[in-house]
Amino acid sequence: MNIVILTGAYYPNMSATSACIDKYIQILKNKHSIDVVCPLSQVHFEPLNDPKIKLHFVFSRMWKWRMLCEENIRNGRNVMLNKVVVDLFRIRSLLLSPISYPTVEGWQMNPFYHELEKIDQDKTIDVIISVVNPICSVFASRRFKLKHPKVKWITFITDPFTFQPSKYKYVFFPNRRKIRNYKNEKSVYDIAQMIARVKQRFGAQVAIYHSALNDFSQPNEKTFVMKYILSSLSKSVVQQIVNEGKCRLVYAGALYADRRNPERALSVLSQIDDIHVDFYISYSNCNSIVDKYLSETIKSFPA
């Protein structure tokens, strides 16, 4: 079976949403042909050392230029000049935010769609899995599905779209934008064969699941839950935790300094003796905060 997955940055820099879907990619690749379509996240990098996964990168000339500037900053080349250019790109994005649709990264829709067409010419696509974030991957998949109705389409929900307040922070006429977003998101759910979400007991994923059922009137049999797969712990670590007889807490997901800052939680957890906390972090821009709390009872693993 030929499966194409549209997601956020996947390689060489993996986004949080791609880290979620990658768990399933690693399983599916053993029995199916896997193509991953994702935005370019770095200009110079070594090829992916996995013959079972074929990568396709989408980008515009300006996006590639920005990635090159950010790469130069990381490598210490003309840092001040490249920082100025990146800041100009950010200012441009801010100015375009009120008029860009569905987001300032709306330029990705056509490249995502055209890449699907290219892949389909090479080998007939059987299944598309689009990851909601970037939303452009979903709208591109809808366009392809309408043109090729026989293809199976699963939309993988990781973040809300219509009911996410940040989507209306910088736009003109937010109520009109919300109506437009709702119509588009509902059409996605109506057209897609399946609506998937990651299984978590608390937080946004539960709200997203019920939103698909209630706000967008989707049937239960079409909306299903996928278990979140964690990286394996070695038997010695698991045995040690069991023998200690402590309450074990697990956090799996991303950490953001401005939205999911772990400082307060870690400061409290670090003062409790009878617990063991494992963090499976798919993405973080606040590693310095986590690192200072790591100990025998608080540990961090790649997700």
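Below: a short report on this structure. (Residues numbered from 1 in each chain as written. Predicted model: local features only at pLDDT ≥ 70, side-chain atom pairs only at ≥ 80, totals over all residues. Heavy atoms only, no water.)

**Thoughts on the nonpolar core**
Ile125 and Ile128 are the most contacted members of the largest nonpolar core, which has 27 residues in total. Among the secondary structure elements, those contributing two or more residues to this core are strand S1 (2-6), helix H4 (109-122), strand S4 (127-132), helix H5 (135-147), strand S5 (152-157) and helix H6 (174-191). If you tally residues by element for this core, the top one is H5, at six residues. Excluding anything up to four places from it in sequence, isoleucine 125 contacts Asn2, Val4, Leu116, Ile119, Asp120, Phe144 and Val151. (Core = buried A, V, L, I, M, F, W, Y, C linked by side-chain atoms within 4.5 Å. Buried < 20%, exposed > 50% of the residue type's maximum accessible area, 1.4 Å probe, protein only. Helix = DSSP H or I, 4+ residues; strand = E, 2+ residues; numbered from the N terminus. Contact = heavy atoms within 4.5 Å.)

**Describing helix H3 (residues 79-96)**
With 18 residues, H3 ought to run about 26 Å at 1.5 Å a step, and its terminal C-alpha atoms sit 26 Å apart, in line with that. Where H3 is concerned, the buried positions are Asn82, Val85, Val86, Phe89 and Ser93. Down the axis of H3, the sector holding all buried residues measures 100°, keeping them to one side. When the buried face of H3 is taken as reference, the exposed residues oriented beyond 90 degrees from it are Met80, Leu81, Leu88 and Leu95. Packed against the buried residues of H3 are helix H2 (61-74). (Expected span 1.5 Å × (residues − 1). Arc of directions from axis to C-beta.)

**Brief notes about H2**
The terminal C-alpha atoms of H2 lie 20 Å apart, and with 14 residues this matches the ideal 20 Å at 1.5 Å per residue to within 8%. Considered for burial, the residues of H2 that qualify are Trp63, Arg66, Met67, Cys69, Glu71 and Asn72. In this fold, the buried residues of H2 make contact with H3. Immediately downstream of H2, the backbone of glycine 76 shows phi near 75°, a positive value.

**Some thoughts on the environment of phenylalanine 139**
Considering the arrangement of structural elements, one finds phenylalanine 139 in helix H5. For the pair phenylalanine 139 and glycine 106, spaced 33 residues apart in sequence, the C-alpha to C-alpha distance is 9.8 Å. In this view, phenylalanine 139 contacts Tyr101, Pro102, Met109, Phe161, Asn184 and Val188; residues no more than four positions away in its chain are not counted.

The analysis is restricted to geometry; functional conclusions fall outside its scope.
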